[in-house]
Amino acid sequence: MTKQKIANTFGIEATANRLLEYASEEELLQLIRSGAVTEPYLHVGAGSNLLFTKDYEGTVLHSLIQGIEVVRQDDDSVDVRVGAGVCWDSFVDYCVEQGWYGAENLSLIPGEVGASAVQNIGAYGVEAKDLILAVEAVSREGEQRLFSADECAYAYRDSLFKRPDMKRWFITRVHYRLSRCERFTLDYGAIRQTLASFPSVTLKHVRQSIISIRRAKLPDPAQLGNAGSFFMNPIVARETFDPLLGQYPSMPHYLLEDGRVKIPAGWLIEQCGWKGRSLGRAAVYDKQALVLVNLGGATGADIVALSDAVCRDVYRKFGISIHPEVNLI
Ligand SMILES: Cc1cc2nc3c(=O)[nH]c(=O)nc-3n(C[C@H](O)[C@H](O)[C@H](O)COP(=O)(O)OP(=O)(O)OC[C@H]3O[C@@H](n4cnc5c(N)ncnc54)[C@H](O)[C@@H]3O)c2cc1C
């Protein structure tokens, strides 16, 4: 059997026993009925949030379903149904071109539409869940279902589709609602500062600002393998946070509605002296400590060894456990 290479932005060499790609629900159902989707199986998108620690001894599925259809619109909003295989940033670009508000802060996030609904991608004060109305999926057994946004149980970088028993659902299309009335989210990161160099605040200028901020801060996977933020920002109880703030008064933090506190993992990692440091062929990115990079030739095991060392040091110094956001395969 010829092994298939699996694309991933970390630039890790990894293969699967078989790669099944399909361009429609019918093609997917046909693959299922023919018995091609054998155990174990893994559905991937563009591989921008995957870390292969070894070759995948099973079947990898990938959606090529395209299309952006308007399914309803009025003066205030528009509902669109988008194929899981559409490149996320092309969709954002399309929304901006149409004058639809809501997705622009999520510009330049790598990956595909299907994964946006698994990961609940987020950046600059906006999350995919703010736009998602419903998710269409086909199960490993060939059942077709529409999940409402409520059923998807969205939370910070989390959804129903991340649960192990939900891995049997393959997302085929995602329904989003965009606003047709001007509505911006500008009070995050350096958006306002960057926008100041443009003559006016428009959808296109917000998108361009986000793109330039991201290009300055994040490594381009084509140059330096990475999967974006490697760790999730830890969320701790107030009782844990207050004594820490006493000890580290400059600790950045965000108070959440439920009373808990979110702490930027990048700051914790930097305080442990890891920013810019490497372990073998893996390193903590020198401009953003939340990102782990492949310096060239790293294996998944090298990245995991670095991640373990970083987590251990953060725990030793702060007593806080940080966890990978990246999916370890
Ligand atoms: C440089 C860089 C910057 C990034 N910045 C951000 C950021 O700002 N915010 C953010 O949230 N993320 C960010 N990421 C992470 C990544 O872009 C997102 O997690 C993205 O959604 C992954 O999309 P993908 O298509 O590559 O999915 P993959 O990485 O291939 O898969 C991700 C998960 O989704 C599942 N999956 C994918 N498609 C389907 C499907 N059709 N049906 C069922 N399950 C599926 C996979 O099994 C896996 O669990 C960044 C990554 C990089 C490399």
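Residues numbered from 1 in each chain as written. Predicted model: local features only at pLDDT ≥ 70, side-chain atom pairs only at ≥ 80, totals over all residues.

Okay, the overall build of the protein next. Helix and strand counts for the protein stand at eight helices and 20 strands. Since a compact globule built from 329 residues should have a radius of gyration of about 20 Å, the 20 Å found for the protein is in line with a globular shape. Its C-alpha atoms put the protein at 60 × 55 × 40 Å along the principal axes. (Helix = DSSP H or I, 4+ residues; strand = E, 2+ residues; numbered from the N terminus. Rg over C-alpha atoms; globule rule 2.2 N^0.38 Å.)

This part is about the nonpolar core. Core analysis: the biggest nonpolar cluster contains 83 residues, and Leu51, Ala117, Ile132, Ile171, Val174, Leu178 and Ile269 have the highest contact counts within it. With five residues, the next largest nonpolar core counts Tyr124, Ile191, Val206 and Ile210 among its residues. (Core = buried A, V, L, I, M, F, W, Y, C linked by C-beta atoms within 7 Å. Buried ≥ 20, exposed ≤ 12 C-beta atoms within 10 Å, placed from the backbone.)

Moving on to the domain arrangement of the protein. Looking at the assigned domains, one finds that the protein contains domain 1 (4–63), domain 2 (68–216) and domain 3 (225–328). Taken over C-alpha atoms, the centre of domain 1 sits 23 Å from the centre of domain 2. Every contact between the two is made by 14 residues of domain 1 and, on the other side, 13 residues of domain 2. Breaking the side of domain 1 that touches domain 2 down by element, the ones donating at least two residues are helix H1 (25–33) and strand S5 (56–63). Here the element with the most residues in the side of domain 1 that touches domain 2 is H1; it accounts for five residues. (Domains from an automatic or database assignment. Contact = placed C-beta atoms within 7 Å.)

Before going further, it helps to spend a moment on the site of the ligand. Surrounding the ligand, one finds 33 residues, the nearest of these being Gly45, Gly111, Gly114, Ala115 and Gly228. Looking at the shell around the ligand, the elements that each hand over two or more residues are strand S3 (41–44), helix H3 (113–119), strand S8 (122–123), strand S12 (169–179) and strand S13 (225–229). Of the residues forming the shell around the ligand, the biggest block, five residues, is contributed by H3. Classifying every residue of the shell around the ligand by side-chain character gives 17 nonpolar, 15 polar and one charged. (Near = placed C-beta within 6 Å. Nonpolar A, V, L, I, M, F, W, Y, C, P; charged D, E, K, R; others polar.)

What links the strands of a sheet is backbone hydrogen bonding, and the strands pair in either a parallel or an antiparallel sense. Ordered in space as S6-S7-S12-S10-S11, the five strands form an open sheet in which the pairing is antiparallel. Each edge of the open sheet is held by one strand with a lone partner, namely strand S6 (68–73) and strand S11 (144–148). Taken over all neighbouring pairs, the strand axes of this sheet differ in orientation by 20° on average, direction set aside. Bridge count for strand S7 (residues 77–83) against S12 is seven bridges, and the pairing is antiparallel. Residue pairing across strands places Gly83 opposite Arg173, the latter belonging to S12. (Pairing = 2+ DSSP bridges. Axes fitted to C-alpha atoms, helices over the stretch in contact; angles between N-to-C directions.)

So, about the sheet that holds strand S16 (residues 261–262). One open sheet holds the three strands; their spatial order is S14-S16-S15, and the pairing between them is antiparallel. Strand pairing shows two members of the sheet lacking a second neighbour, strand S14 (235–236) and strand S15 (254–255), which therefore form its edges. Summarising the sheet, S15 and S16 pair through two bridges and their orientation is antiparallel. Pairing of Tyr254 across the sheet is with Lys262, part of S16.

Looking along the chain, the bond that leaves Glu39 and enters Pro40 is cis, with omega of -15°. Counting through the fold element by element, Pro40 comes out in the loop between H1 and S3. Despite not being glycine, Arg157 has its phi angle at roughly 50°, a positive value. Here Arg157 shows up in the loop between S11 and S12. For Arg157, a count of 18 C-beta atoms within 10 Å translates into the label partly exposed.

Turning to the pairing of S7, a few remarks are in order. The pairing of S6 with S7 spans five bridges and is antiparallel. Residue pairing for S7: Ile68 is matched across the bridge by Val82. Connecting S6 to the next strand, S7, in antiparallel fashion are three residues.

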